[in-house]
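# Topology and contacts: notes
Residues per chain, in single letters:
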Amino acid sequence: MGNTMKELEKKLGYTFQNPSLLSEALSHSSYANEHRGQGEQSNERLEFLGDSVLGFVTAEFLFHLHMDLPEGDLTRQRAALVCEQSLHEVAKMLDLGKYLKLGKGEDAGGGRMRASILADATEAVFAAVYLDGGIEAASALIHRVLLDKEGEHAQELVQDYKTALQELVQRKSGQVLAYQMVGESGPDHNKTFVAEVLLNGESIGRGSGHSKKEAEQEAARAAIRKIGA
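Everything in this summary refers to the structure shown in the same document. Not measured: the values here are computed from a predicted model. (Residues numbered from 1 in each chain as written. Predicted model: local features only at pLDDT ≥ 70, side-chain atom pairs only at ≥ 80, totals over all residues. Heavy atoms only, no water.)

Looking now at the pattern of salt bridges. Using the criterion set out here, one finds 11 salt bridges in the structure. Where Glu89 meets Lys92, a salt bridge forms, and the shortest distance between an N and an O atom there is 3.4 Å. Residue Glu89 and its partner Lys92 are both found in helix 6 (residues 84-94); the two are separated by three residues, about one turn of the helix. Residue Lys191 is joined to Glu184 by a salt bridge in which the shortest nitrogen-to-oxygen separation is 3.1 Å. A cluster of three or more residues bridged by salt bridges with shared partners is formed by Asp73, Arg76 and Arg225. (Salt bridge = Lys/Arg side-chain N within 4 Å of Asp/Glu carboxyl O. Helix = DSSP H or I, 4+ residues; strand = E, 2+ residues; numbered from the N terminus.)

Here you go:
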């Protein structure tokens, strides 16, 4: 294994028994396509597995952390913690873009900084650790880089109901979310705004707040409670 991979292992706090798993986790489809016939596999299958590993570890974490929360609230918190934004933050902390194997076009187009590519690679790395060292090793890594390190940022993510709602509805393809202001009242210095969130044109939640942003968040929160009920 090259020095760069050993450097990444140090950041992960995990040493691979099978280094090829880590190499595969870092191989974007654009790179694999350019190196067909050379045994290169993209990280897409690992990403698929990593999504489930991350979901399970996060669900177990929240289940024991919040003994009094109902299913809907646990679902919302899990969605917020495992969303693309959250995984992108992990990737940036690990400087994962530095280690990615990208096709020439993707690399030239800024792929090393693209949030979706970095988030997918993060999930793939989780899967690689799971396959190499089991669920305990994967769980330890996920806690180390995400669940135990989030602090106030985790609370911000948990309170980002719009992101959480987006994650929930994206489980089905072709879903379109939209927000609209449906009312406002009060004097200029203390206005109350009312927002509505629409899923495929149908209202699924309404909320109010002292700013348009707050009203949209409350509308998303109401929608999550409805969907998770």
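After presenting the structure, the write-up continues.
Time to look at the layout of surface pockets. Volume-wise, the largest pocket comes out at about 490 Å³. What lines the largest pocket is a set of 18 residues, and nearest its centre among them are Asp51, Val82, Cys83, Glu123 and Glu167. Of all elements in the fold, only helix 4 (44-65), helix 5 (71-81), helix 6, helix 8 (115-147) and helix 10 (161-169) reach the threshold of two or more residues within the lining of the largest pocket. Element by element, the count of residues in the lining of the largest pocket is highest for helix 4, at five residues. Of the residues contributing to the lining of the largest pocket, the split by class is eight nonpolar, two polar and eight charged. (1 Å grid on protein atoms, 1.4 Å probe; cavity = no way out; pocket = protein on both sides within 12 Å on 5 of 7 lines; lining within 4 Å. Points joined across faces, edges and corners; volume = space filled by probe spheres on them. Nonpolar A, V, L, I, M, F, W, Y, C, P; charged D, E, K, R; others polar.)

The next subject is the environment of Ala178. Tracing the backbone through its elements, the reader meets Ala178 in strand 1 (residues 177-185). The spacing of Ala178 and Asn200 is 22 residues in sequence and 8.0 Å in space, taken between C-alpha atoms.

Spatial relationships are all this shows, so hold off on functional conclusions.
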